[in-house]
Amino acid sequence: MKTHARVVVIGGGMMGVGLLYHLAKEGWSDVVLCEKGELTSGSTWHAAALTPHFIGSLNMAKVHAYGIGLYKTLEEESGQATGWHGCGSLRLATNREEVDWFHLVQGVVRLAGAELHIVSPAEIPDLHPLLNTADVLAAAWTPGDGHSDPNGTCNAMALVARRHGAEIYRHTRVTAIEKSGGEWRVLTDKGAIHCEHVVNAAGCYGPQVGAMVGLKVPIVNMVHQYVMTENVDEVAALAREIPVVRDPRASCYSRQEQKGLIFGPYETEGSRACFADGVDWGFDMELLEPELERIAPWLEMGMERIPCAQNAGIKKIISGPITHTPDGTFLLGPAAGLRNFWMCCGAAIGITQGAGAGKYLAQWMMHGQTEINVREFDPRRFGDYAAGDYNLAKSLDDYEHMYQVHFPGEFRDPGRPVKVTPVYEKLKSQGAVFAEAFGWERPKWFAVAGEREEKYSFRRTNWFAPVAAECMAVRERAGVCDLSSFTKLEVCGEDAESFLNRLCCNRMPARDGGIILGHMLTERGGIECEMTITRITAGRYYVLSAIVAQIHDHDWLSQHIRDGERVSVTDVTDETAMLALAGPRARDILGKLTDADLGNAAFPWLSARQITVAGVALRALRVSYVGELGWELHHSMSDMERLYGALMDAGRGFGVANFGVYAVNAMRLEKAYKAWGAELTTEIVPAEAGIERFVKYDKDFIGKAAALAQKKRGLRMRLVYLTVSDGDNDVLGNEPLFEKSGDDIVGVTTSGAFGHSVGRSIAFAYVKPELAAAGAKLEIAMLGERREAAVTAHAVYDPDNAKLRA
């Protein structure tokens with residue numbers, strides 16, 4: 001066994017071997033994998049091994065499409081049998097919301113380069129002659145789907161990795177991981193390996209391996225069961241293999257297994273987790289005790305869908321652990337606070353996702369960024385709050401909703417609330433309907449007329465009119481919004497200015513109280529971070545960013561501090577509340593509560609001052625993400641109730657209203673303000689995103705050379721601002737664009753909303769550069785219809801920023 005390696009991958013399931021395969025093929029041959037048992041001996045070996053393209057996330061769809069494409073050729077590449085069956089899949093819809101979902105996912109799958117056809121009940125028998133379609137409205141037919149032999153597929157990738165220099169140590173258990181100088185020391189029962197990178201690909205054991213370095217890994221082992229039937233005459237008589245079926249009514253999948261069938265339910269209630277205290281290290285190639293009675297209701301409904309199976313005997317019951325995270329998405333990327341410690345675990349459908357996850361993590365490790373947007377996979381999207389009861393409640397809920405529609409804006413109750421601000425109950429009593437962001441409860445919208453729950457849909461429902469009222473209150477009078485759930489960091493030290501100038505495209509403010517919008521790039525020029533940076537004094541900066549970037553941004557800043565550089569990064573998020581006051585009467589309201597001069601000369605736009613409001617000492621920033629005269633009031637959490645009450649009391653005579661993040665999103669789109677993670681990602685450079693006014697090419701910063709080089713080579717795409725013809729729904733993001741009456745995809749939306757102030761639907765999209773001119777006419781695929789869209793040069797609301805400067 002080696003004593004030194006570049007990378008040690010811990011875990012020999014599909015995720016770990018998928019990464020090893022790609023690292024070795026991309027040229028990092030000095031890589032090793034340690035597996036405590038045999039390859040696949042955790043949860044990989046007993047998987048049903050389905051490989052679907054159907055997924056609502058564009059970036060996850062790319063992961064799926066890549067992996068499925070690889071599996072189709074892997075046997076030829078490796079010489080190892082993989083058991084690939086390209087039988088296709090049918091997913092059934094039994095209500096209109098599911099049909100809408102199919103149309104949305106159809107666009108996503110097409111953008112990922114795969115096929116998805118929506119077929120009628122009359123067409124289904126030609127694809128699957130044994131299916132009962134009595135209650136079916138439509139089916140999503142993905143002909144490129146299939147299933148594989150998990151053991152053969154995993155070992156085929158391992159074989160290729162070995163040919164490219166990787167080494168695999170079976171029956172080698174990692175017992176501890178230590179930091180040793182600038183490298184890691186991985187201790188095993190066969191000896192120690194010193195390495196530059198460690199990857200936790202330990203699957204069911206992911207939390208236990210994470211604990212070796214102090215991480216709280218939000219993974220729960222769920223019990224999943226599927227059954228194999230005895231031979232079924234009708235199946236045996238088929239001339240070709242029938243497609244995999246996913247039936248949301250039964251919350252169950254089925255597929256052919258030789259002359260019989262497999263049925264695998266995801267029970268929608270009463271699901272069970274296992275190994276709460278950790279998995280025994282000797283649990284290899286083992287199964288759990290079957291609990292057929294627990295899955296019987298869903299199994300019966302699944303068999304009703306294929307009536308010829310109802311009288312078939314059960315040959316085998318497979319009951320084993322599969323990993324789930326609170327949001328159902330694997331953990332892929334850097335671990336929080338640890339340099340060169342990576343996560344590659346937590347996949348609920350690891351056979352489908354292992355190869356693609358390995359490809360993109362290999363890119364991330366080797367090049368510092370990937371060719372897709374991986375923010376939704378980043379393990380740092382969870383903090384320590386996600387461990388324990390929250391993790392269990394959310395993972396159970398995710399498992400039980402495996403085959404249910406995933407609606408935009410849907411935040412289910414299990415595990416909540418975790419983090420609330422002092423005004424949470426007060427806002428709730430006024431009708432606030434909450435979203436969850438990094439554990440924080442934040443108001444989405446304020447219900448009226450006694451409603452307290454959002455009717456989830458892909459179309460406008462009961463939230464639409466109240467959000468319109470919130471927007472108009474802000475535009476015409478004033479509004480208050482609890483925006484405490486933003487990341488708040490302090491960057492301090494004698495070298496703080498030069499440090500931030502080195503990382504940031506923009507130049508730091510020259511005067512105390514100055515505010516800039518700053519973007520930070522990867523070495524390859526992709527947009528890594530977006531931050532609002534305020535200079536408090538020389539050597540002290542207040543940095544604001546998205547709450548989901550709290551750990552990410554802290555890591556990005558702190559891990560770029562050079563030896564000897566006098567800089568500190570302090571997180572002040574949890575102790576700092578923020579109320580946004582915005583609207584044409586904002587100055588009148590604030591003026592009743594402070595002696596500070598709020599006039600333009602003393603307190604101009606894009607400036608900050610320390611003032612006292614209603615007896616509360618606070619930091620006031622004259623910025624507004626909704627494009628109105630306004631201030632962000634940053635203050636101690638302990639003063640929040642007092643300040644909120646004072647603002648609402650002072651504003652009563654001016655018609656002040658509460659508003660939530662749905663209204664914020666609509667108003668920021670009216671102003672053509674871009675959002676990190678949607679319009680701004682590592683996939684694109686500043687010139688493509690249209691943010692070069694915030695880029696100072698006359699100074700040095702990380703990523704400058706790469707960004708300029710891409711600009712010189714030619715832009716691959718350009719961000720455009722669109723007005724969209726009206727309907728009963730708005731752009732959600734990841735819808736494909738077409739030239740008028742064309743069939744070829746020419747772009748993808750990133751976000752959208754209805755602009756209540758202007759009476760128009762609005763969106764952002766990336767399109768081919770030649771289609772980005774103002775006035776260009778395009779079409780967007782939206783829930784089964786083509787909607788016209790026009791490229792617009794300027795914000796549809798207050799393009800000259802007169803309101804902000806008022």
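Data block above holds the structure.
Read on for an overview of the structure.

The rules behind each value
Residues numbered from 1 in each chain as written. Predicted model: local features only at pLDDT ≥ 70, side-chain atom pairs only at ≥ 80, totals over all residues. Heavy atoms only, no water. Buried < 20%, exposed > 50% of the residue type's maximum accessible area, 1.4 Å probe, protein only. Helix = DSSP H or I, 4+ residues; strand = E, 2+ residues; numbered from the N terminus. Pairing = 2+ DSSP bridges. Disulfide = S-S within 2.5 Å. Contact = heavy atoms within 4.5 Å. Axes fitted to C-alpha atoms, helices over the stretch in contact; angles between N-to-C directions.

### Section: helix α14 (residues 550-558)
Given 3.6 residues per turn, any residue in an α-helix points the same way as the ones three and four places further on.
Move 1: Of all 9 residues that make up α14, 7 are buried, and the element is covered over most of its length.
Move 2: For α14, the set of buried residues is Gln550, Ile551, His552, Asp553, Asp555, Trp556 and Leu557.

### Here's the deal with the pairing of strand β22 (residues 479-482)
Move 1: Residue alternation in β22 divides its side chains into two sets, Gly479 and Cys481 and Val480 and Asp482, and both sets are buried.
Move 2: Sheet topology note: the β22/strand β32 (residues 657-658) ladder contains 2 bridges and is parallel. Residue Val480 lies in a different strand from β32, and its bridge partner there is Asn658.
Move 3: Where β22 lies against strand β28 (residues 576-582), 4 bridges are found, and the strand directions are antiparallel. Residue pairing for β28: Cys481 is matched across the bridge by Ala580.

### Regarding the state of the cysteines
Move 1: Scanning the model with the defined rule gives 0 disulfides in all.
Move 2: Cysteine Cys471 is unpaired, with the sulfur of Cys481 as its nearest cysteine sulfur at 11 Å.
Move 3: Here Cys471 falls in the buried class, since its relative accessible area comes to 0%.

### Describing the sheet that holds strand β30 (residues 616-621)
Move 1: Spatial strand order, β29-β30-β31-β28-β22-β32: 6 strands in an open sheet with mixed pairing. In this open sheet, the two edge strands, each paired with only one partner strand, are β29 (608-613) and β32.
Move 2: For β28 and strand β31 (residues 630-636), the ladder comprises 7 bridges, and the chain directions are antiparallel. When the sheet's bridge partners are listed, Leu579 is paired in β31 with Leu633.
Move 3: On the sheet, helix α16 (residues 640-651) packs against β22, β28, β29, β30, β31 and β32 and is oriented at approximately 10° with respect to β28.

### Some words on the sheet that holds strand β25 (residues 527-537)
In a beta sheet, neighbouring strands pair by backbone hydrogen bonds and run either parallel or antiparallel.
Move 1: Read across the sheet, 5 strands follow the order β24-β25-β26-β23-β27 without closing on themselves; strand pairing throughout is antiparallel. Looking at strand neighbours, the two that pair on one side only are β24 (515-521) and β27 (568-571), the edges of this open sheet. Each strand axis lies, on average, 30° off the axis of its neighbour in the sheet, ignoring direction.
Move 2: Of the pairings in the sheet, the one linking strand β23 (residues 486-492) to β27 comprises 4 bridges and is antiparallel in character. Counterpart to Cys492 in the pairing with β27 is Ser568.

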